[in-house]
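Okay, here's what each chain looks like letter by letter:
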Amino acid sequence: MKKPGDVKTIHRFQPFSERIQSISVDVSRKIEKRTEVPEDEETFFAEGLLKWRDLDQTAHFTKFYQSVEGCADTFAQLVYNEKKVVESLVEHLGVKDSMALEALLDLVVHLARDLQKDFYPHFKRFFTAIAVILNRSHKSWETLEQTFSCLSHLFKILWRKMLQDIKQVVALYRPFLSDSCRDYIRRFAGESLSYLMRKVKDRKGLFSIVFSLLEKYPDLVPGVGNLIFEMVKGAKGHFHSCTHETLGHLLRTVSEKGISSLPWHALQVSFNLMAEHVDQTNATALWTVLQEEMKALLTAAPISYDKLECLVTLLFHLIEFKGGCLLPRLSTDWCKDTVLPLLETIGEQATSEQFVSIVLGSFSSLLLCGKTTIEVSTISRCLSLVYRSECVRNLSCIFRFTEAIFSYGQFEKGVLHKLMDFCDDCLCESQYGENVVDNQSEVANVVDNQSEVLAVLSKLVADRRPERRGGQYKPQDVYRLKSKGAEITKFLHKILSQRELSYECLQLTWSALHLLPHSTNLVDAKDMLNDLFCHLYTTLLEDKLSSSQVGLVASQSLQCCLWAELCPDIISVTDLLKKYPSCPQVLRLCSLYLTYLKSSSTDREHMFALQKFEELYPLVKSNISSHKSQVRLLTFQLLSLFDVGERGVKTDAELESDQDERLGIFELCLQAEEKEATLTNYREKLRVLRELHYDLIMPRLPSDGTLNDVPLLYLSAVLYVNFSMLWPEVLTLMESHGNSLTQETLWTCYDGILTTAAHNCTVVTEPPSEDTECEEPSPLLEIYHQVESYHTNDSDRADFHNQRLLLWRALQNFSHSFEQHSAIFVGLFFQFLNDEYYISAFYDAPTEDIRRFQQTESMETDEAGESLADGKEKRTEGDQVQEQRKKRTKVIHETLITKLTLFSKFQHPMRISQEPRLTKLYNDLLLHRDMTIQQVALKCLMTYKKKHLTQYHENLERLLNENTFRAELTLFSIDAATSVVKAVDRPTVMPVLMRILYDCPLSDYSVDCVPCTDGIAKAL
């Protein structure tokens, strides 16, 4: 039984990074004061020599001891033999992998303590030797600690002499401060050298030496930044007492050099390290120094905005650091003294755009950080300075600031009215009127300003009233944009009155339509909206511009018309869907129009009659199995408006009498499509999909069978969803339809599905090309593309190869009638071999394209001629392409096995289309190097049920099993006594056997599983 005091110490492994972090070589706190002083005739070096003679019995130290024995017993002897001792120390420090390194470094310190200032002439030689040790032993944390501790002790002893030669000392430390050195070496170098730099009284001269060295060697930026940090670093999250003076000199020196200089980058590194070191309580020194320096610059007669920009950038980084964790809790006075004077300067002519952006970024961070308290009056005064008319020249910066504070809690109360008045000033005709018409550059500037005003207001409305996915009509939800004047409303009416339709005009028109319901009463703009929509509708049918872009603006215009209780009579849903059956924007427009008619009390019931449904359904039927989720969603929204039941479209009396009515087929599909496939709600999606089982859905379909294939079409589209937990259930649901549908309906539907899947796998879809006419992206173009992408692009990643693989796997569950329609599937199979499999696995192809090697060589030559700067990026892209190619090759390989497995279930293979070609393929695949494909090919041959071959089926299968290969091979012997093959069956069995054995030496299996070539040859 253990006693209570018996506690076993548990030693935990400490990795190299943790050991390095635990090392501290700060000379001011590391070195212990020694009170014992040797007698007059003794030396520290002699004492150390005697100590290490007992502690270190290595051959390296013994050799050194013998070389200096009797040379330093007394101080007089040490002085007389100074040169010999120094030479011996330097020589033995240069021994590679010396085991006496700790003792030698300690003796160097003892020698320096004895010689004092007389040691300094030898300092450079010892420093060079120590530098060599560091380069050799940078992965040994014990050696690093010993070497830097030695340097720290030398600094402690020789600091007075070193101060007189500080330039040379800093130059000696240059290799340890370079970017090529490891981080921990730079840290140790900064800790040891900073002790000496704190004692330099001439800080200006010191920093001029450091920065001149930095200008000569740009790779010293991180090292110099760390050196400055170590100079002001204190213990336990505090700053050193010299921080205020040191940072003051630094800020004045660096601000004179400019924000693009190397010293400024080094200072930025040091400020980042300071922010990591201190907390909110001890960060006062940083704020005080920055505030004093900025105040001095702001009170100077000509304000130097270049110098001020440097300080403001550092201020911005400190405010942004970890969400404002270094800001003082009560920042009202600090905000008045620092932020307000800076905001007063942003309207000046001399301020640059970068300076204004940094100032506004600092203010936005103050508003959003939530870790400081500022009075409401101070915030209001600051916002008034931002949104004053003099700041129009900095419109882009102000609007970026506005977008940043959209999430500010008091935005509607304190910011919105100031923003709207500022936008009125930007659009005021008195400000941009006849005075600037003659100046083309200013006219272009005015147009850009107007575009930016529309962009920021559109982003605000999109943030507060997000766009709804889909095309169902919803009542208006207004976000009121009020201003003192009416310039915004006038400008919107001016844009919507124009009839010019270009790419730029479509952006402006969409933005105006997006803002109009929130800035004015739509009833007053009925005529203008009706004329605009008619013009857009005509343009859409005439196909003058992109259908997606015109359709987006047209659907936005229709929505405004419907909100104004105006339903255009010009719309013909049939004409639109005939021209653009799968365009998401056109589908959205038609869905908006029909849902409005369905919900309103109008006399347009004929729009939802059976005849209308029969007219529209063939146009959009292909969308049910589309790989785009948005197209499927909009199509189901459109079709679900028609009440399709057992007898077609139900009358109102039938709908009222059916109290226990269940959802129709399109409503069910719509409900399933609206639910995203995620880990949280995929079970709910599965619950809805189970309603599409054949036994459950057939009672809800028309009795004439026109919609019997809709569930199967939609289930095939669900396989596009990249969520594997849905696939088994969907395959089960497809099996229910495959075993119950009529042959004509099933194979007509499945033929189209498989043909489309094969086409999608072979067609390479290129990414949409960017508009080259647009010179540079504008804020309005950005929000326009976001909305267009939201309503057009598919959020799911459609995997065409995987979807086709799952479709062929589903066929295995209802392959009973497969042989009667084999012409369809055999043709697709050989098309797959030629277009995909033989390209990905060219070693199995019957022919080979030798031009492929020429193309590879030319590509390698082109890549060799490109610049080395792009090498890393191209390697990354090449790795991604290679990885995608491997994944696709794997899926193609699985698809081949799945299709062959399906063919192995034939009951009458002689009746299959292209039977001779299939038989030849089966025999060729017996030569394949993949044992799985060999096994499936053998099963396909066994479907012919040849009596001379079927009786050896189990033997051949065991031959294709790597665990039973050796034992089974011996049974296929030519000896009649031991062989299992009869003489009559040999002509049929031997060709199959030889094909199987032929590929064994070429296969990728291990040597333990596959016999050697000699054994196979002997068996043959």
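The following paragraphs examine the structure supplied in this document. (Residues numbered from 1 in each chain as written. Predicted model: local features only at pLDDT ≥ 70, side-chain atom pairs only at ≥ 80, totals over all residues. Heavy atoms only, no water.)

### A word on empty space enclosed by the protein
Item 1. This structure, assessed with the given rule, holds 5 cavities of 30 Å³ or more.
Item 2. Lining the largest cavity are Leu 754, Ala 758, Thr 762, Arg 804, Trp 808, Leu 828, Gln 831, Phe 832, Asp 835, Glu 836 and Lys 899.
Item 3. For the lining of the largest cavity, the elements supplying multiple residues, two or more each, are α39 (743–762), α41 (800–811) and α42 (822–840).
Item 4. Per-element tally for the lining of the largest cavity: the top contributor is α42, with 5 residues.
Item 5. Split by residue class, the lining of the largest cavity holds 5 nonpolar, 2 polar and 4 charged. (1 Å grid on protein atoms, 1.4 Å probe; cavity = no way out; pocket = protein on both sides within 12 Å on 5 of 7 lines; lining within 4 Å. Points joined across faces, edges and corners; volume = space filled by probe spheres on them. Helix = DSSP H or I, 4+ residues; strand = E, 2+ residues; numbered from the N terminus. Nonpolar A, V, L, I, M, F, W, Y, C, P; charged D, E, K, R; others polar.)

### Re the pattern of salt bridges
Item 1. Scanning the entire structure with this criterion turns up 23 salt bridges.
Item 2. One salt bridge connects Asp 643 with Lys 598, and the closest N-O pair in it is separated by 3.6 Å. Pair noted here: Asp 643 is in the loop between α32 (629–639) and β1 (644–645) and Lys 598 is in helix α30 (residues 584–599), with a separation of 45 residues, a long-range link.
Item 3. Within the structure, one salt-bridge network assembled from shared partners comprises Glu 403, Lys 459 and Glu 782. (Salt bridge = Lys/Arg side-chain N within 4 Å of Asp/Glu carboxyl O.)

### Observations concerning helix α17 (residues 284–299)
Item 1. In this model, α17 (16 residues) spans 22 Å end to end at C-alpha, consistent with the 22 Å of a helix rising 1.5 Å per residue.
Item 2. Where α17 is concerned, the buried positions are Leu 286, Trp 287, Val 289, Leu 290, Glu 293, Met 294, Leu 297 and Leu 298. All buried residues of α17 fall inside an arc of 165° around its axis, so they share one side. Residues of α17 that are exposed and angled more than 90 degrees away from the buried face: Lys 295 and Thr 299. (Expected span 1.5 Å × (residues − 1). Buried < 20%, exposed > 50% of the residue type's maximum accessible area, 1.4 Å probe, protein only. Arc of directions from axis to C-beta.)

### Notes on the state of the cysteines
Item 1. Summed over the entire model, instances satisfying the criterion amount to 0 disulfides.
Item 2. Cys 335 forms no disulfide, and the closest cysteine sulfur to it belongs to Cys 382, at a distance of 4.2 Å. (Disulfide = S-S within 2.5 Å.)

### Some thoughts on the packing of aromatic side chains
Item 1. Scanning the entire structure with this criterion turns up 35 aromatic pairs.
Item 2. Measuring from ring centre to ring centre gives 6.3 Å for Phe 123 and Phe 155, while their planes differ by 45°; the resulting arrangement is tilted. You can see Phe 123 sitting in helix α8 (residues 123–136) and its partner Phe 155 sitting in helix α9 (residues 141–164), a full 32 residues away along the chain.
Item 3. Residue Phe 155 is classed as buried on the basis of its relative accessible area, which comes to 0%. (Phe/Tyr/Trp six-rings, centres within 6.5 Å; stacked < 30°, edge-to-face > 60°.)

### Let's talk about the packing of α32 against helix α34 (residues 665–674)
Item 1. Between α32 and α34, whose axes approach to 9 Å, the crossing angle comes to 145°. Note on packing geometry: the crossing formed by α32 with α34 is left-handed. Contact residues: α32 offers Ser 629, Arg 632, Leu 633, Phe 636, Gln 637 and Leu 639, while α34 offers Phe 666, Cys 669, Leu 670, Glu 673 and Glu 674.
Item 2. Per-class residue counts for the contact of α32 with α34 are 6 nonpolar, 2 polar and 3 charged. (Axes fitted to C-alpha atoms, helices over the stretch in contact; angles between N-to-C directions. Left-handed = near helix turned anticlockwise from the far one by under 90°. Contact = heavy atoms within 4.5 Å.)

Honestly, it's all geometry; don't read function into it.
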